[in-house]
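Here is how the chains run, residue by residue.
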Amino acid sequence: MSELIPSALTLRRCKLVRTAPDGSVAEYIFDQPTVVLGSAEDNDLVLDDDKVSRVHARIFQEGDEWLVEDLGSTNGTLVNHVRVRVAFLKSGVTIRMGGSQLRFSLLSERVEITPSARESLGPIVGKSERMRQLFGVIEKIAPTGVTVVLEGETGTGKEVVARTVHQYSSRANQTFIVFDCGAVAENLIESELFGHEKGSFTGALAARQGLFEMAHGGTIFLDEIGELALDLQPKLLRALEQREIRRVGSNRPVKIDVRVIAATNRDLAEEVKEGRFREDLFYRLSVVRLQLPALRERREDIPSLVRHILRTGGFNRTADGPRVKGIASAALEALMRYEWPGNVRELTNVVERACSFAEGEFIQLEDLPDHIAGVRVSRRREESGTLATEPLRPTTTAPIPLDKTFKDAKEEWLSRFEKEYLQTLLEKHSGNLSQAAREAEVDRKHFRRLARKYSLVAGPGGDDD
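To start, this report covers the structure provided alongside it. (Residues numbered from 1 in each chain as written. Predicted model: local features only at pLDDT ≥ 70, side-chain atom pairs only at ≥ 80, totals over all residues. Heavy atoms only, no water.)

What to know about the sheet that holds strand 4 (residues 45-46)
Note the cut-off: Strands are labelled as partners when DSSP assigns at least two bridges between them. Think of it this way: any DSSP run of H or I at least four residues long counts as a helix, any run of E at least two long counts as a strand, and we number them from the N terminus. Whether two residues are in contact is decided by their heavy atoms: any pair within 4.5 Å suffices. Between N-to-C directions, angles span 0 to 180 degrees; the directions come from axes that are lines fitted to C-alpha atoms, helices contributing only their stretch in contact.
Overall, mixed pairing links the five strands, which are arranged 4-3-5-6-9 in an open sheet. Across the chains shown, the open sheet's two edge strands, defined by having one partner strand only, are strand 4 and strand 9 (86-89). With four bridges joining them, strand 6 (residues 65-70) and strand 9 adopt antiparallel strand pairing. Each bridged residue has a counterpart across the sheet, and for Leu67 the counterpart in strand 9 is Phe88. Running over the sheet, helix 5 (residues 233-242) touches strand 3 (34-38) and strand 5 (57-62) and is turned about 65° from strand 3.

Some words on the packing of helix 8 (residues 302-312) against helix 10 (residues 343-357)
We apply this condition: Comment on the angle field: the value is read as roughly parallel under 35 degrees, roughly antiparallel over 145, roughly perpendicular from 65 to 115, and oblique elsewhere. By definition, any crossing whose near helix is turned counterclockwise from its far helix by less than a right angle is left-handed, and any crossing with a clockwise turn is right-handed. Residue classes follow a fixed rule: Ala, Val, Leu, Ile, Met, Phe, Trp, Tyr, Cys and Pro count as nonpolar, while Asp, Glu, Lys and Arg count as charged, and any other residue, Gly among them, counts as polar.
Contact geometry of helix 8 with helix 10 gives a least axis separation of 10 Å together with a crossing angle of 55°. As far as their axial angle goes, helix 10 and helix 8 are oblique. The interaxial crossing formed by helix 8 with helix 10 has right-handed handedness. Two secondary-structure elements touch here, helix 8 through Leu305, Val306, Ile309 and Leu310 and helix 10 through Val344, Leu347, Thr348, Val351 and Cys355. A per-class count over the contact of helix 8 with helix 10 returns eight nonpolar, one polar and no charged.

Overview of the packing of aromatic side chains
Given two aromatic rings, their pairing is described by the distance between the two centres and the angle made by the two planes. Note the cut-off: Two aromatic rings from Phe, Tyr or Trp, using only the six-membered ring of Trp, form a pair when their centres are within 6.5 Å; if the ring planes differ by under 30 degrees the pair is stacked, by over 60 it is edge-to-face, and anything between is tilted. Exposure classes here rest on a 1.4 Å probe applied to the protein chains alone. A residue is buried below 20% of its type maximum, exposed above 50%, and partly exposed in between. Over a ring means this: the NZ of a Lys or the CZ of an Arg is within 6 Å of the ring centre and within 35 degrees of the ring normal.
Under the criterion given, the structure shown has five aromatic pairs. An angle of 65° between the planes, with centres 5.3 Å apart, marks the rings of Phe282 and Tyr283 as edge-to-face. The class of Phe282 is buried, set by a relative accessible area of 7%. Considering the side-chain rings of Tyr338 and Trp340, the 4.6 Å spacing of their centres and the 85° angle between planes classify their relative orientation as edge-to-face. The class for Tyr338 is buried, based on a relative accessible area of 15%. One cation-aromatic arrangement involves Arg58 over Phe60; the distance from NZ or CZ to the ring centre is 3.8 Å.

Quick look at unusual backbone geometry
Positive phi is not limited to glycine here, since Asn80 has a value of about 50°. Residue position: Asn80 is located in the loop between strand 7 (77-79) and strand 8 (82-84). Residue class for Asn80 comes out partly exposed when judged on its relative accessible area of 39%. Even without being a glycine, Ser455 presents a positive backbone phi close to 55°.

Right, dumping it as structure tokens:
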């Protein structure tokens, strides 16, 4: 697996300084991995030169290298005065197309990633160091337009992260489209992604745009990219490299301007080794790779997540605000103990279910599923017209104050626990401090100080053994 969250990123961009036929000079900087050049207006760099073909050449990144490829131009592409079809580029070389000369430079910027001070970013919630590191990466890469691959277990929030990258990019006001590569029949994926022409296959009664065309100017999120069939991967690679697609049944290329974010719960590097995923497509996608942490690896975020789910979940919304406002300490402890194989998605479902059972303003232990609560808890059930109850272990059920900091909430809950625990023991031993302290295995003097702290008055004989 790749490093969970990178400590630094190297952002590679290219600079082209153009000297036009009339002698004018202009400078262009590109952060995308492919730059298409030509005289047509839909190119990344438009060369107003009658000796330049409409789509003349492209400059692209492959791994750590940059190359230039002539795209069948009439007058050819020259690198340092040598005509080429494909050539490697280094900083300082000159590229000539028609009467235009371009000086190529490689700009590499190493960006150190430090944990963000945020405890949320867009719809993502988390104050653990791993999540704050993730926020730091998103803040750096979102404006650049680089392609991103998100890896992680099912339910870790890959689509939420993708939407956040889009939200903080220059494309935020454009379309965001989601496509699940594992949810569509293999024979329909090409048509879904790239569109089709009328009559191109049985049932194609009219021409139809694909998702790449619909996402023009925006972002497309390809979920479960590891499920994409091998025969379709070269077509996706072409779309990424040449920034154009061809509809099924058509030979006419359609230019696209789309940022691609992909996600998978597989290890793509391992898939490449096993021959199930193309190496060239892997490198084209993996400009930035992020491994999202499982929920069990950031348990300290669970209280914040529960609060967020209760506040934003449509299932908990009323005209007067959230119906369920918090969670009892025992219930929260159960959530913190659970391993969460389904991650944040499973937590969301559990909270929604618990809200449907909750009778008051707080989720109680008995509102959680038995496999999470850890015991068979009291829950009214209608079984053949009768109500069945099961024993509930003694526990503190005072609600956790989720509107406070972790430190303050912990201190407040601990105070409530201490007071309830001491009071219960004193009542059990008829106010006898010595007997209560002995059962608690606490020094008698310390027990007395705690009892005084909470104004718990011992009964007659309370100081006697």
